[in-house]
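Topology and contacts: notes
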Amino acid sequence: MRLKRLSFTALFSTFVAFAQVQFAQAQAVAGDPAGSSPLLAALEWVQGTLLGNLATTAAVIAVAVVGFLMLTGRIEWRRGLTVIVGCFIIFGAAAIVAGIRSVATGLR
């Protein structure tokens, strides 16, 4: 009983401490930093590769194969769902980050 009370007290005090912390005010940058264009070009290439036609085709084939294996009982459901959720996260990454950024900017 004492351990549960101690855990609840520690959890509650941690929550109160984090609730009172002021959020850091980030400086708004109007554009990209100077000299970052090669890095941005490389990252845009990686993003285009990961989200392009080849990746989309591979993901469709992977989901189809995993779905077929799950239906025939040759793969366990947990592993199959992990593959499918991974595809959703990869292709939904831009929307996920946009949602996190909108929540973060709303805290100011």
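This is a predicted model, so every value here is computed, not measured. (Residues numbered from 1 in each chain as written. Predicted model: local features only at pLDDT ≥ 70, side-chain atom pairs only at ≥ 80, totals over all residues. Heavy atoms only, no water.)

**Points about the overall build of the protein**
Of regular secondary structure, the protein possesses 5 helices and 0 strands. The linear arrangement of helices and strands in the protein, starting from the amino end, is α-α-α-α-α. When burial is assessed residue by residue, the protein has 10% of its 108 residues classed as buried. Of the roughly 9500 Å² of accessible surface on the protein, 70% is carried by carbon and sulfur atoms. (Helix = DSSP H or I, 4+ residues; strand = E, 2+ residues; numbered from the N terminus. Buried < 20%, exposed > 50% of the residue type's maximum accessible area, 1.4 Å probe, protein only. Areas by Shrake-Rupley, 256 points an atom, 1.4 Å probe, with all protein chains shown as cover.)

**Some remarks on helix α3 (residues 53-72)**
Helix length check: α3, at 20 residues, gives a terminal C-alpha distance of 29 Å against a target of 28 Å (1.5 Å per residue), a fit within 8%. Among the residues making up α3, those that are buried are Ala 55, Ala 59, Val 66 and Met 70. Axial view of α3: buried residues confined to an arc of 40°, hence all on one face. Facing away from the buried surface of α3 by more than 90 degrees, the exposed residues are Asn 53, Leu 54, Val 60 and Leu 71. Packing partners of the buried residues in α3 comprise α2 (37-51) and α4 (77-91). Downstream of α3 by one or two residues, Gly 73 has phi in the positive range, about 80°. (Expected span 1.5 Å × (residues − 1). Arc of directions from axis to C-beta. Contact = heavy atoms within 4.5 Å.)

**With respect to the packing of α3 against α4**
Put simply, α3 and α4 touch, their axes get as near as 9 Å, and they point 160° apart. Classed by the angle they form, the pair α3 and α4 counts as roughly antiparallel. Every pair of crossing elements has a handedness; the one defined by α3 and α4 is left-handed. Residues Ala 55, Thr 56, Ala 59, Val 63, Val 66 and Met 70 of α3 form the contact with α4, whose own contacting residues are Trp 77, Gly 80, Leu 81, Val 83, Ile 84, Cys 87 and Phe 91. Among the residues forming the contact of α3 with α4, the class breakdown is 11 nonpolar, 2 polar and no charged. (Axes fitted to C-alpha atoms, helices over the stretch in contact; angles between N-to-C directions. Parallel < 35°, antiparallel > 145°, perpendicular 65-115°, else oblique. Left-handed = near helix turned anticlockwise from the far one by under 90°. Nonpolar A, V, L, I, M, F, W, Y, C, P; charged D, E, K, R; others polar.)

**Looking at the confidence of the model for the protein**
Detailed reading of predicted coordinates is not advised where the pLDDT is low. Mean pLDDT for the protein: 77, with 70% of residues reaching 70 or above. By mean pLDDT, helix α1 (residues 2-20) is the weakest element of the protein at 49, and α3 is the strongest at 91. In the model, residues 1-6 has pLDDT below 50 throughout and makes 0 contacts with residues more than four positions away in sequence or in other chains. Within the model, the stretch residues 15-27 combines pLDDT values under 50 with 3 contacts to residues more than four positions away or in other chains. (pLDDT = per-residue confidence, 0-100.)

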